[in-house]
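Close look at the chain arrangement
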Amino acid sequence: MRMSEILIKNANVCDPAQGINCETMDLCIRDGKIVESVSESAEVIDAAGRLTMAGGFDGHTHSAGKINVGRFMNPNDARRTLVPGLSGPEARTEKTRAQVGYNTPNTYAIGYRYAKLGYTTICEAAIPMLAARHTHEEFKEIPILDKMGLSLFGSNWQVMEYVRDKEPEKLAAYVAWGLKASRGYGVKIVNAGGGEAWGWGKNVSGLYDPVPNFDVTPAEILMGLVEANEKLQLPHSVHVHCNNLGKPGNYETTIETMKMFEKVKPTVDRQALHVTHVQFNAYAGTSWRDFETGAPMVADYLNGANHLTFDLGQVIFGPAVTMTADGPVEYANSRMLHEKWSNQDIELEDASGVVPLSYSPKSFINAVQWAIGIELALLVEDPWKIMFTTDSPNGGSFVNYPEAFTYLMSAKKREQVISGFGKMALDRMVLPGLDRELSFYELAIMTRSMQSKMYSRPEKGNLKVGSDADVAIYDIITSDIDPSVEHEKVKQAFSGAAYTLKDGNVVVKDGKIEATPMGRTYWVNAKVPADIDSAMNKDTDIKFKKYYTVSKSNYMVEDSYLPNPVEIRTEGAF
Amino acid sequence: MPVIKDAVCSLCGSLCDDITVTVEDNKITKIENACILGHSKFVGMFEHDRIETPMIRKDGELVPVPYEEAIEAAAKILVNSRRTLSYGWCSTSCEAIGKAIQLAEETGALIDSTANVCHGPSALAAQEKGAPGASLGEIKNRADVIVFWGCNPVHAHPRHMSRYSSFSKGFFSTKGRKGRKMVVIDVRKTDTAKLADKYVEIEQGSDLLLITALRSAVNGHEDVIPETVAGISKEEIMELAETLKNAQFSCIFFGMGVTQSRSKYKNGDGVSSLISDLNQHSKSVMIGMRGHYNVTGFGQVATWETGFPMAIDFARGFPYYNPGETGANNVLVREEADAAMISAADPGAHFPQKAVRHLAKIPVIQIDPYANPTTEIADVVIPAAVVGIEAEGTAYRMDAIPLRMKKLIDTEFKTDEQITKDLIAKVRELKEGA
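**What to know about the overall build of chain B**
Each helix and strand in chain B was counted, giving 16 helices and 22 strands. In terms of overall size, chain B behaves like a compact globule, its C-alpha atoms giving a radius of gyration of 23 Å where 434 residues would be expected to give roughly 22 Å. For chain B, the spread of C-alpha atoms along the three principal axes comes to 70 × 55 × 35 Å. Here chain B, with 434 residues, has 64% of them falling under the buried criterion. A sequence separation of at least 24 residues applies to 66% of the contacts in chain B between residues at least 6 apart. By element, 48% of the accessible surface of chain B is carried by carbon and sulfur atoms, the whole surface being about 15500 Å². Positive and negative side-chain charges of chain B, numbering 48 and 56 respectively, have mean locations separated by a distance of 4 Å.

**Side note on the confidence of the model for chain B**
Residues at a pLDDT of 70 or more form 100% of chain B, whose mean pLDDT is 96. In the model output, the complex is listed with pTM 0.98 alongside ipTM 0.97.

**A look at the packing of aromatic side chains**
The tally for this structure, following the rule as stated, stands at 42 aromatic pairs over all chains. Their ring planes at 15 degrees and their centres at 5.3 Å tell us that Phe 57 of chain A and Tyr 455 of chain A sit as a pair that is stacked. Highlighted residues: Phe 57 of chain A in strand 6 (residues 56-61) and Tyr 455 of chain A in the loop between helix 15 (440-454) and strand 19 (471-474), separated in sequence by 398 residues. The pair Phe 57 of chain A / Tyr 455 of chain A is uniform in exposure class, with both members buried. Site record: aromatic cluster; members linked through ring pairs are Tyr 114, Tyr 119, Phe 388, Phe 398, Tyr 401, Phe 405, Phe 440, Tyr 474 and Phe 494 of chain A. Over the ring of Tyr 320 of chain B we find Arg 316 of chain B; its NZ or CZ atom is 3.7 Å from the centre of that ring.

**Some remarks on the sheet that holds strand 9 (residues 145-149) of chain B**
All names here are of chain B. Taking strand neighbours across the sheet as the criterion, the five strands line up as 11-10-9-14-15 in an open arrangement whose pairing is parallel. In this open sheet, the two strands that pair with only one neighbour each are strand 11 (198-201) and strand 15 (283-288). The average angle at which neighbouring strand axes cross in this sheet is 15 degrees, direction not considered. As judged from the five bridges shared by strand 9 and strand 10 (residues 181-186), these two strands associate in the parallel manner. Looking at strand 10, one finds that Val 147 is bridged to Val 183. Running at roughly 135 degrees to strand 11, helix 9 (residues 234-245) makes contact with strand 9, strand 10, strand 11 and strand 14 (249-254) of the sheet.

**Some thoughts on the interface of chain A and chain B**
The partner chain B presents 67 residues to the 56 residues of chain A that form the contact. Note on chain A versus chain B: buried area summed over both sides is about 5100 Å², and carbon and sulfur give 52% of it. Looking only at chain A, the three residues that lose the most surface to chain B are Phe 72, Trp 200 and Thr 549 of chain A, adding up to 14% of its buried area. Summed over the shared surface of chain A and chain B, the number is seven salt bridges. Run the count over chain A and chain B and you get 43 residue pairs in polar contact (both at pLDDT 80 or more). Listed by contribution, the elements that provide at least two residues to the side of chain A that touches chain B are helix 1 (67-73), helix 2 (107-116), helix 3 (132-140), helix 4 (157-164), helix 6 (194-198), helix 10 (327-337) and strand 16 (342-345) of chain A. Taken together, the residues of the side of chain A that touches chain B break down into 23 nonpolar, 16 polar and 17 charged. Where strand 16 of chain A and strand 8 (residues 132-134) of chain B come together, three bridges link them in parallel fashion. Of the residues in strand 8 of chain B, the one forming a bridge with Asp 345 of chain A is Ala 134 of chain B.

**Quick word on the pairing of strand 24 (residues 565-570) of chain A**
Alignment of strand 23 (residues 521-526) of chain A against strand 24 of chain A, held across six bridges, turns out to be parallel. Among the inter-strand pairings, Trp 523 of chain A is bridged to a residue of strand 24 of chain A, identified as Glu 567 of chain A.

**Section: the sheet that holds strand 8 of chain B**
With mixed pairing, the four strands of this open sheet are ordered in space as 15(A)-17(A)-16(A)-8(B). On the outer flanks of this sheet lie strand 15 (318-324) of chain A together with strand 8 of chain B, each paired with one strand and no other. Taken over all neighbouring pairs, the strand axes of this sheet differ in orientation by 20 degrees on average, direction set aside. As paired elements, strand 16 of chain A and strand 17 (residues 353-359) of chain A share two bridges and run antiparallel to each other. Paired with Asn 343 of chain A across the strands is Gly 353 of chain A, a residue of strand 17 of chain A. Each of strand 15 and strand 17 of chain A is contacted by helix 10 of chain A, which is oriented at about 45 degrees to strand 17 of chain A, the strand it contacts most.

**Some thoughts on helix 3 of chain A**
The buried fraction of helix 3 of chain A is high, at eight of nine residues. Three or more residues of helix 3 of chain A are buried, namely Ala 132, Arg 133, His 134, Thr 135, His 136, Glu 137, Glu 138 and Phe 139 of chain A.

**Topic: the pairing of strand 15 of chain B**
All names here are of chain B. The buried fraction of strand 15 amounts to six of the six residues, a majority that puts the element mostly inside the structure. Here strand 14 pairs with strand 15 via six bridges, running parallel. Paired with Phe 254 across the bridge in strand 15 is Gly 288.

**What to know about the side chain of Thr 259 of chain B**
Residues and elements named next belong to chain B. Mapped onto the fold, Thr 259 is located in helix 10 (residues 256-259). Among the polar contacts listed, one links the side chain of Thr 259 to the backbone oxygen of Cys 118, at a separation of 2.9 Å. If near-sequence neighbours (up to four positions away) are discounted, Thr 259 is found in contact with Cys 118, His 119, Pro 121, Ser 122, Phe 254 and Lys 264.

**What to know about the side chain of Gln 369 of chain A**
All names here are of chain A. Topologically, Gln 369 is positioned in helix 11 (residues 364-379). Residue classification places Gln 369 among the buried residues on the basis of a relative accessible area of 7%. Gln 369 has contacts with Gln 279, Phe 280, Tyr 283, Phe 291, Val 315 and Tyr 359, leaving out every residue within four places of it along the chain.

**Observations regarding the pattern of salt bridges**
Residues and elements named next belong to chain A. Counted according to the given criterion, the structure contains 66 salt bridges over all chains. The salt bridge partner of Glu 167 is Lys 170, with a shortest N-O separation of 3.7 Å. On the accessibility criterion, Glu 167 (30% relative accessible area) is partly exposed. Residue Lys 460 is joined to Asp 468 by a salt bridge in which the shortest nitrogen-to-oxygen separation is 2.9 Å. Residues Lys 460 and Asp 468 agree in their burial class; the two are buried. The network of salt bridges with common partners includes Lys 33, Asp 146, Lys 460, Asp 468, Asp 470, Lys 502, Asp 503 and Arg 520.

Calculation notes
- Residues numbered from 1 in each chain as written.
- Chains lettered and ligands numbered in written order.
- Predicted model: local features only at pLDDT ≥ 70, side-chain atom pairs only at ≥ 80, totals over all residues.
- Heavy atoms only, no water.
- Helix = DSSP H or I, 4+ residues; strand = E, 2+ residues; numbered from the N terminus.
- Rg over C-alpha atoms; globule rule 2.2 N^0.38 Å.
- Buried < 20%, exposed > 50% of the residue type's maximum accessible area, 1.4 Å probe, protein only.
- Contact = heavy atoms within 4.5 Å.
- Areas by Shrake-Rupley, 256 points an atom, 1.4 Å probe, with all protein chains shown as cover.
- Lys, Arg positive; Asp, Glu negative; His and termini not counted.
- Charge placed at Lys NZ, Arg CZ, Asp CG, Glu CD.
- pLDDT = per-residue confidence, 0-100.
- Phe/Tyr/Trp six-rings, centres within 6.5 Å; stacked < 30°, edge-to-face > 60°.
- Lys NZ or Arg CZ within 6 Å of the ring centre and 35° of its normal.
- Pairing = 2+ DSSP bridges.
- Axes fitted to C-alpha atoms, helices over the stretch in contact; angles between N-to-C directions.
- Buried area = accessible area lost by both parts, 1.4 Å probe.
- Salt bridge = Lys/Arg side-chain N within 4 Å of Asp/Glu carboxyl O.
- Polar contact = N/O pair within 3.5 Å; in protein donor to acceptor, adjacent residues only side chain to side chain.
- Nonpolar A, V, L, I, M, F, W, Y, C, P; charged D, E, K, R; others polar.

Spelled out as C-alpha cells, the structure:
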C-alpha cells in the first residue's frame, strides 16, 4: 500500500477537544489519520493562516429514507435555487453526478453539499427498522460522508410489552437485535407511545398518558429504553424527540422529560440523554394565540443540569419540509396549514409523516420559533451541551447552516432579521435582549467537537493524533475578522470550504468537489448473553409469525447493503 | 436437495416473501405458498420463450451474436442518439435501476418507468395532496373496513387478501374476514366484488364524482349532494360515508380503475383528500395496488438519485421532470426519441399504436429474459437473468417496504445490473475514442 502523506502548513487550528483556540500550526496526515509528523515527501497544502477545524458532524439530520417521501411529494423543491452553489439543479461533471434540490436534495447533492460546508459525518435521525434497507440503500448513494443512523424504538410493540411485563433484560436483548437487524447506531425515541396511538388516529398527551391497548406510559417506555441502552453500553445515549412536539406549553413536558433522566447512570462516558430539536419543544403559552418562547425556562433548567445534551432544530425562513416519526404532529400540521400530507405507519413499530411548509418572518409564530432556536444557543452557557442543527430539513435545509452560524455569531445580523418582525412577535421572545455572540471556538464545539463525545466517536470531531483526517479549512483569517460586523464574510467562508479533507483525501477545494470517495457506515453490534437472546427471539418469532407481513429472515439487513461498514461492538453489562 | 425458505416472489407488488422453493439439478421442482401467478413465474421460466442468446437485427432478421458484439452495438446506438428513451425497469432490481439511471445521466437520455401507463397519476396525486399510507401490516393488524376501488386483487394480486387485507388475521383483527367490512367500488362485478360485503357499481369514468360526494358527506355537507351521483343513490353514498367514518381503521386500496380512468390524477388527489378528511373522524389510509413487483422500487430509486419518480429527462445534464412532456409516451407520440432502450417491460404490447409505430422506426435495444412483442421491433436484443430466481437484488413492495430477493438457481445469463454496467463502460470507451 502506498503511504499517502499530507502536510497542512500554517493552519489556524480551532480544535476545542484539545483546547486549541485558533492557533497557527502544521497538521500532519498519513493514510487518512492525523499523525505527529510526516516525511519530507508529503504533499503540502498551504492553509495560509486560515481557520482550520475537524470535519463537521451533523448528528441529527433527515438525509436517507424518509426524506424520499419529501422528494417524491415535492418535485418543485428540486428546482429551488435559494442558496447559490448549494441548491438547485446542477449538471453532471467529470467528477460529480447530477444534482437537484434544496430541502430534499438527491443523494449525491447531499454528499457534495455537506462536504462543501466542511462536514464529513452525518447521522440519519430515524430508521424505521422494517424499512431499514431503504436507509442503507440511500446511504450507499451519498458520496464522501461517513454515515450512521438511529433506529426507532419508541412505539414498538415488543418494546412496550417488555416494558409493561417488566422484562428489562429481554428488552435490552431486543434493542441489540433491532440495531443489528437495521444496522443502526443508536436508540431513537419519537413521541414515545404516540406512534402506536396514531395507529388509531390518536395521540398521547404527555408522559403519563397510557398508550392505548398496551398499558404503558410514555414515561415508562423512556425509562425502559434508557435502562436497556445503558445495559448494552451503547456508544450513544437514547436520542429523544419529546412528547407534545409543536404544541404551545410543551416546554413543561420537555423539562419534565429531561428531569426524569437525572437519575440515570450512564455506563459509557457520555450524556445519559440527548433531547433533539428542542426549539420545537420549548414553547410557552396555552394556545397559538398566547404562544411565546419557552426557551428561558428550558435554558434555565439546562444550565443547572449536566446529564444531557440537546440540539437546536433552528428555523430558517423560507420553505422547509417537516418529516418525522411523530405521525399525529404531521397530520395536525397539514390540517392547520392546509398543506399536502403524506403518512407512513410501520406495522408493530412506529408512525411517520411528511408535510411541506414555509416559515415566514411575517408570521409571529414563525418569528418566535426562529428566535427560540437562537435563544437556546445563547442562553445555555455551556456549548458542550449544544449540538447545532436545523433538524434538516424540518427547521430548514442544512445548506443554510452558514447563514444560521451568523445568527449565533453576530448580534448585528440578528438585529437585521429582527427588524422585519412585528410587535407581537417581539413581545413573545427574549432574543432582542441577548447580546451574546459566539466565537469560532464555541461554534466549533457545537458543530463537531461535542459530537465526538456525544456519539462516542473519539476519532471524529477533533484533530488529535490518531483521529480521522477529516479536516475543513475555511477562508477566514480569524485575527483579521470581526464576525459580529463581517457576518457576510463568515457566511461566505462557511458556504464553500477552501479545503475539505475526508480521511486525508482532498474532497473539496475552493468550494468545488475534487473527489468523491465512499464513506463508511457505522453500526452497533451489542453483545447479549445467549440465554437472554434466545428467550427474546422466541418472543419475536411469534411477532413475525402472527403479526408482521415479512418473514423474520427477510427482516435483517444483509451485509451487501453496507459496502463500507464499521461494526462497533459493545460488551454489555448484564 | 436444497430447499430455500422465505424466497421473495418477483411477480406482483405484493412481493410475498414466504415462498418455499425446492431446487434439484439447478431446476426448481417444487414451489410452496405461491399463488397461481407466482407459481407460473417460477415454473414458467423453464417453459416460456427465453431469449437464448444476444441478437442483432441484420437484413431484417435477428441473428445471434456474441454478448460483446451486442453490447457494442447497443452502446453505439446510445452514443449516436441525440434523444434516447430508456423505458421500463420495473421488473428488475433496484441495483439495476440505479445503473440504468446512471447510464441515462451519462448519455443525456430520458428515463421513464411503466408507471407512465399505470400508477403515474398516483405520483402526480401525491405531488398535489400527499400520500397518507401505511405498511400492509397495519391493515392486517388493525383494519376493520377495507375498500378496493378500481382494482381486482383476486386476479391481479391473488394473495393480497389472505396475507395483508380482507382475510388476514392480526393483533387487533383476530376475527379476520368476519371482523371486517369489505367494500368494492368498480364498474363491473369483478371476482373481488363477489366477495365483498358491499359492492358499489359506479358509472365508468365517474370516480371523481363519487369521491367528491363522499368527501361532502364525510365533512357534513350532505345538502350539496344530488339524489344520484355516479349512478349511486345519495342514500347509498351516505351509508358508505358512515361506514368509513365509523370505522376503527379503514384503508382504501386503489388500482388502475382509479388512476387510468377519466380525471386520472385528480382521482388520486381526491382519494388523498378524502383520507385526510376521514382522519378527522377515524384512522384511514390509502395504498396503491402496484402491479409490477418493483415498480415501487423504480419510483424510490429514481427519486433519491434524481429527485423525481419518473419521466426524467437528462438532456440538460441535470434531471428535468415535466410529466406530460417528458413521459415515455409523450416523446414517442411526438416522434422525438431517436433511439430507445427497453428493459423489463413490453411497450410493444402495451403502448398506444402511435407510440409503437414510432418505436418501430427507431433503433431499439431490448434487455429482457423473455421474447415479447417488443422483441419484434428490437434491433439489439440482450437476454437477462430473471431477478428473484436467477439473480438477487432489492425490490420495494407496494407499500414501499424493501425486501431482498434471493438468487435460487445458477444461470449463464447476465443480470440486468451487469448488462447496464457493461453498457456504461462501453459508452464511456466509445465517447473517449470519439
